[in-house]
Amino acid sequence: MRISLKWLQELVDVAMSPEELAETLTMAGFEVEEIEDRRPWASGVVLGKIIACEQHPNADKLRVCQVDVGSSEALNIVCGAPNARADIYVPVAVVGTYLSTIDLKIKPAKLRGVPSEGMICSLAELGLSKESAGIHIFDLENPELGSDIRPLLGLDDVILDLTATANRADALSMVGVAREVAALTGASLRIPAANGVAIEGKESPGLAVEISEPQGCPIYIGTAIEGVKIAASPAWLQQRLQAAGVRPINNVVDVTNYILLEWGQPLHAFDRDRLQSFTGTQDINIGVRFASSGESFKTLDGQNRNLQAQNLLITASDKPVALAGVMGGEDTEVHEGTQNLVLEAAIFDQATIRRSARAQGLRSEASIRYERGVNQAALTTACNRAVALILELAGGTATVQKTARSGEDLSFSRSLELRLDRVNLVLGQLKRGETGGSKYLEPEEVKNILTALGCEVVPTEKERVWNVTVPPYRYRDLEREIDLIEEAARLHGYDNFCDTLPSKTEPGYLSPEYAAIRNVRSAFRAAGLTELMHYSLVKTEGDNQVVLANPLFVEYSALRTEMLSGLIDAFQYNLEQGNGALNGFEVGRIFWKDGDAMKEADAVAGIIGGDPTVWKWQQGGRDQPLTWFEAKGILESAFQELGLSVEYQSDSSNTRLHPGRTAALSLNGKHLGVFGQLHPQLQQEKDLPEQVYVFQLDLAVLLGELGRSNNLTRKFAGYSSFPASDRDIAFFAPVEVPVVEMQSAMKKAAGSLLDSVELFDEYRGDNVPAGQRSLAFRLVYRAGDRTLSETDVEPAQQKVRDVLVEKFGVSLRS
């Protein structure tokens, strides 16, 4: 909010400089983002009167003016403004003046041969507008020529751009900021008087107020005012609005904006005659309800709004005339011919206005304040002050005032218990310096702080315990004892408390679980995969999904039950953007419903596809699809880095994966996850490369194995200095027998001499029996203490042959 220092000084005695005030407010939790000092903008610019104006002899668009600025001789000034004429009062920048907003220093000059001794200024040249059609003309009575024009234009002011935290709705008003400054500095406070407005009660069209949604609108006050005259606001009101960044419109609308800035209470004025014409009745029945399906109306910004069920409306005879707490309607706005008004002053529910504004993608100064919470206790005060100002500036008579309230007890008072010992325990010791005194806040200091905030502090029967009554304007944010403690710290000054560290400190470290997750990420990155990150929110599609009660978008209305869909979509998107194949992995969380219970688990998923080669000249520029074994090798390299031995079993349960190229992964008998190629049908639907592979692993099983004692520390085994002896074995084996089972059986049969067993050939086709495949393995034998002989190796090799024949029914070829 933009705070005018000149306006603020009318409400509270501010003796400090703008910089000191900004520092004080910032240290108290109100960040001052900018100090706009307007005083240098027109330093040296004085009030002058054009006493003669003639056409320039050498230029059609220039005029030669004689300007009286209160000195002995009139100034000769060449002016190019089309509205320059004799007998008007204007701002004049005399020779030597520096106009900072346009970076111009006024010097004596000759324009087309005619000397010029200054410049007659427009508002743009004084920094008050972006563009001006001509010079500014004052409408003054008994002006003093040669006087400083800054007070006349509101340029003797400093603007503080202040940002309040979300819980401090009271600081979105001049009165609220004035109260805060008074509490911080101890200065005297002058709250604007708001006496009761006399309601004439003469005969006039009926006015009734009815609230259909008491939760959304607990209080609504409607005031009928007759006989107003719409005109421009006085200069003081326009200047205050402009300083706050609000554009003046007319006296009635400007008053509602002025009260919004002064008290933080949004108001809205309806043209009563337009209300009657819009509803087709002389009796106006103001209502508050939620929108119905298919309703629409045009707001003040000229937009036709299609209303939604969460939009709270102000209605006249059940026809929508305003978006409650957000913006009024164009059909009933105050205009130049308005003579009769209905002034709205209401309290609306915070959450209701927030949802309504978001549904329309519309935020206004009113909705910003309602969303944070308007001070209900000041509603009548703000309404009466607005009515009084309208009667003063626009004339007229207040004839009828109707109020509707919900049946709830609208008490704005709250009492809290505050323990001084708790205050000092939370806040700690003070920096007293050489002044001495207690190391902690004294009871009198805490009491003075709370009293300055408007609280009533009364001792209780308990020692060092008070009963604190919160003022109505702080009712929304002072709810607990800790809130009062925060206020004590804030006003005393956070920088006045000692910086204390915990008595026992130790260096930070990673938990074993998080260190293991880091190792998992590192292993997959080392395998050549890029780490990805997706939202956990997806569309609602399955029955076992956890669905959000208040989604932001339909696309983000439920939690994901698996991670493969997001990876496939990311792969497709990268291809469409010309980024090539995406080989990546993601560590994330999945969610699902098991009956009425909601469950979650962590998982690792990845996608691999495309041609892994960089230069393709050997392939004639053609892509070489990634084979199943190459993709499996990438996954295996990650497991090898982690020191894990994973087993693969054929699996066809996942309908999105190729039934003949999918494996279920297990780790020490526990199901780890799935790895396989995308189903050709899905690959065609997504327009993906010929072979794309995905995997999803249970992170808990992975971490559980990594956390076992034998995996926590890598053990070094010495290398044998003796040569190895290798043997090859080839045979026909049934297709359905997994290679991993045969490898496991061979290792067990050969015993400790077997160093490794590796499949190096597979063949299916001619000369191979139907339903079988030809496999060839290389077995490497090695001992650490001697060179193996034939008598050592042959018995072990024979055991391997025997177990393959007996257990798997293979037909040996060698």
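Because the structure is a prediction, the values reported are computed rather than measured.

What counts and what doesn't
Residue numbers run consecutively from 1 along every chain, following the written order of its sequence. Given that the model is predicted, a residue must reach a pLDDT of at least 70 before its local features are reported, and side-chain atom pairs must reach 80 or more before they are shown or counted; all residues, however, enter totals for whole chains, interfaces and linings. To get the side-chain values, all heavy atoms of the structure are used, and hydrogens and water are removed first. Helix and strand definitions here come from DSSP, where helices need a minimum of 4 consecutive H or I residues and strands a minimum of 2 consecutive E residues; each element is numbered from the N-terminal end. Between the two quantities, the radius of gyration covers C-alpha atoms and the globule rule is 2.2 Å times the number of residues to the power 0.38. Think of it in three bands: residues with accessible area under 20% of the maximum for their type are buried, residues over 50% are exposed, and the middle band is partly exposed, with areas taken using a 1.4 Å probe on protein chains only. Multiply 1.5 Å by the residue count of a helix minus one, and that product is the helix's expected span. Residues are treated as being in contact if the distance between any of their heavy atoms lies within 4.5 Å. Strands were regarded as paired on the criterion that DSSP finds at least two bridges between them. Inter-axis angles, ranging from 0 to 180 degrees, are taken between N-to-C directions of lines fitted to C-alpha atoms, where helices are fitted over the stretch in contact. Should the near helix be turned anticlockwise from the far one by less than a right angle, the crossing is left-handed, and should it be turned clockwise, the crossing is right-handed. What qualifies as a polar contact is a pair of N or O atoms within 3.5 Å, subject to a donor-acceptor requirement within protein and to the restriction that residues adjacent in sequence count only when both atoms come from side chains. Surface patches are drawn from residues lacking salt bridges whose relative accessible area is over 30%; two like charges belong together within 9 Å, two nonpolar side chains (Val, Leu, Ile, Met, Phe, Trp, Tyr) within 5 Å. In this description, accessible areas are obtained by the Shrake-Rupley approach with a 1.4 Å probe, and a residue is regarded as covered only by the protein chains that are shown. Within this document, salt bridges are pairs made up of a side-chain nitrogen of Lys or Arg and a carboxyl oxygen of Asp or Glu, the two lying within 4 Å of each other. Two kinds of site are reported from a 1 Å grid over the protein atoms alone, namely cavities, where a 1.4 Å probe fits but cannot get out, and pockets, open sets with protein on both sides within 12 Å along at least five of seven lines, and residues are called lining when an atom falls within 4 Å of a point. Grid points are joined across faces, edges and corners, and a volume is the space filled by probe spheres set on the points. In this classification, the charged set is Asp, Glu, Lys and Arg, the nonpolar set is Ala, Val, Leu, Ile, Met, Phe, Trp, Tyr, Cys and Pro, and all remaining amino acids, among them Gly, are polar. Nonpolar cores were defined as sets of buried Ala, Val, Leu, Ile, Met, Phe, Trp, Tyr and Cys residues, with membership established by side-chain atoms within 4.5 Å. Pairing of aromatic rings covers Phe, Tyr and Trp, the last counted by its six-membered ring, and requires centre-to-centre distances within 6.5 Å; plane angles under 30 degrees mean stacked, over 60 mean edge-to-face, and any other angle means tilted. Either the NZ atom of lysine or the CZ atom of arginine qualifies as a charge over a ring when it sits within 6 Å of the ring centre and within 35 degrees of the ring normal.

Another point: the overall build of the protein chain. Broken down by element type, the protein chain carries 21 helices and 39 strands. Taken over the C-alpha trace, the protein chain has a radius of gyration of 41 Å; the compact-globule value for 814 residues is 28 Å, which it surpasses by more than 25%. Counting only C-alpha atoms and orienting by the principal axes, one finds that the protein chain spans roughly 130 × 85 × 75 Å. Here the protein chain holds 814 residues, and the buried ones make up 45% of them.

On to the environment of Ser277. Locating Ser277 in the fold gives a position in helix H7 (residues 272-279). Exposure remark for Ser277: the relative accessible area of 61% places this residue in the exposed category. Taking the C-alpha atoms as reference points, Ser277 and Thr332, 55 residues apart in sequence, are found 9.2 Å from one another.

Before going further, it helps to examine helix H15 (residues 564-576). Here H15 contains 13 residues, and its C-alpha end-to-end distance of 18 Å stays within 8% of the 18 Å for a straight helix at 1.5 Å per residue. Among the residues of H15, those classed as buried are Leu564, Leu567, Ile568, Ala570, Phe571, Gln572 and Asn574. If you follow the buried residues of H15, they end up packed against strand S30 (584-594), strand S31 (597-609), strand S34 (670-678), helix H17 (680-685) and strand S35 (692-698). Gly578 lies just past H15 and shows a positive phi near 75 degrees.

For strand S33 (residues 657-667), a buried count of eight out of 11 residues is recorded, marking the element as mostly surrounded by other parts of the structure. Remark: six residues form the turn of the hairpin made by strand S32 (residues 647-650) and S33, two consecutive strands paired antiparallel. Linking S33 back to S34 in an antiparallel pair, the connection comprises two residues, with Asn668 at a positive phi of about 55 degrees.

So, about the sheet that holds strand S2 (residues 31-37). Working definition: the strands of a sheet are paired by backbone hydrogen bonds and lie parallel or antiparallel to each other. Taken in spatial order, the three strands make up an open sheet running S1-S12-S2, and their pairing is antiparallel. Of all the strands in the sheet, just strand S1 (2-4) and S2 have a single pairing partner and so form its edges. Mean inter-strand twist for the sheet, computed between neighbouring axes without regard to direction, equals 25 degrees. As paired strands, S2 and strand S12 (residues 158-163) are joined by six bridges and run antiparallel to one another. Opposite Glu31, over in S12, you have Thr163 as the bridge partner.

With their axes 9 Å apart at the nearest point, helix H6 (residues 251-263) and helix H10 (residues 379-394) run at an angle of 145 degrees to one another. You can see that H6 and H10 cross each other, and the crossing is right-handed. Where H6 abuts H10, its residues Asn251, Val252, Val255, Tyr258, Ile259, Glu262 and Trp263 lie against Thr381, Ala382, Arg385, Ala386, Leu389, Ile390, Leu393 and Ala394.

Turning next to the side chain of Arg289. Along the chain, Arg289 turns up in strand S16 (residues 284-290). A polar contact is formed between the side chain of Arg289 and the side chain of Asp318, at a distance of 2.7 Å. Ignoring anything within four residues of it in the chain, the contact list for Arg289 reads Ser212, Glu213, Glu295, Asn311, Leu312, Leu313, Thr315, Asp318 and Pro320.

Glancing now at a nonpolar patch on the surface. Nonpolar side chains collect at one region of the surface, where Leu425, Val426 and Ile482 lie side by side and expose about 260 Å² of accessible area between them. Looking at where Leu425 falls in the secondary structure, it is placed in helix H11 (residues 420-427).

Further remarks concern the pattern of salt bridges. Under the counting rule described, the total for this entry stands at 39 salt bridges. Linking Glu487 and Arg490 is a salt bridge whose minimum nitrogen-to-oxygen distance equals 2.6 Å. Of the two residues, Glu487 and Arg490 both sit in helix H13 (residues 481-492), three residues apart, roughly one turn of that helix. Asp594 is the salt-bridge partner of Lys599, the closest N and O atoms lying 3.2 Å from each other. Judged by its relative accessible area of 37%, Lys599 falls in the partly exposed class. For Asp594, a relative accessible area of 45% translates into the label partly exposed.

Turning next to the layout of surface pockets. Computed from the structure, the largest pocket encloses a volume of approximately 1,800 Å³. Around the largest pocket, the lining is made up of 47 residues, and of these Trp628, Lys632, Tyr648, Val739 and Val740 lie nearest the centre. Of all the secondary-structure elements, those providing two or more residues to the lining of the largest pocket are helix H16 (628-642), S32, S33, helix H19 (709-712), helix H20 (739-750) and strand S37 (754-763). Per-element tally for the lining of the largest pocket: the top contributor is H16, with eight residues. Here the residues of the lining of the largest pocket are counted per class, giving 16 nonpolar, 18 polar and 13 charged. Taken as a whole, the second largest pocket encloses approximately 810 Å³ of empty space. If you trace the second largest pocket, you find 33 residues lining it, with Val253, Asn257, Leu267, His268 and Leu300 closest to the centre.

Here we take up the nonpolar core. Counting 119 residues, the largest nonpolar core has Leu8, Tyr220, Ile314 and Phe348 as the members making the most contacts within it. Every residue in contact with Phe348, bar those within four places of it in the chain, is listed here: Gly216, Cys217, Val288, Leu312, Ile314, Ala324, Gly325, Ile353 and Tyr370.

This paragraph deals with H10. Taking 1.5 Å as the rise per residue, H10 with 16 residues should run 22 Å; its terminal C-alpha atoms sit 22 Å apart, in good agreement. In this fold, the buried residues of H10 make contact with strand S14 (219-226), H6, strand S15 (267-271), strand S22 (341-347) and strand S23 (397-405). Positive backbone phi, approximately 75 degrees, marks Gly395, located one or two places after H10.

Quick look at unusual backbone geometry now. Despite not being glycine, Asn142 has its phi angle at roughly 50 degrees, a positive value. Along the chain, the position of Asn142 falls in the loop between strand S11 (118-120) and helix H3 (150-153). Phi at Ser317 is positive, roughly 55 degrees, even though this residue is not glycine. Inspection of the secondary structure assignment puts Ser317 in the loop between strand S19 (312-316) and strand S20 (319-323).

With that out of the way, let us pick up the environment of His658. Tracing the chain through its elements places His658 in strand S33. In the structure, His658 is positioned 425 residues away from Ser233 in sequence and 76 Å away in space, judged by C-alpha atoms. Discounting chain neighbours no more than four positions away, the residues touching His658 are Gln677, Leu678, His679 and Pro680. Of note is the side chain of His658, whose polar atom sits 3.0 Å from the backbone nitrogen of Gly660.

Here the structure, examined in full by the defined rule, presents 11 aromatic pairs. Here the aromatic cluster, defined as three or more aromatic residues joined through ring pairs, consists of Trp628, Phe629, Phe675 and Tyr693. Between Arg179 and the ring centre of Tyr473, over which it is positioned, the NZ or CZ distance is 3.7 Å. Above the face of the Phe760 ring, Arg778 is positioned so that its terminal group lies 4.7 Å from the ring centre.

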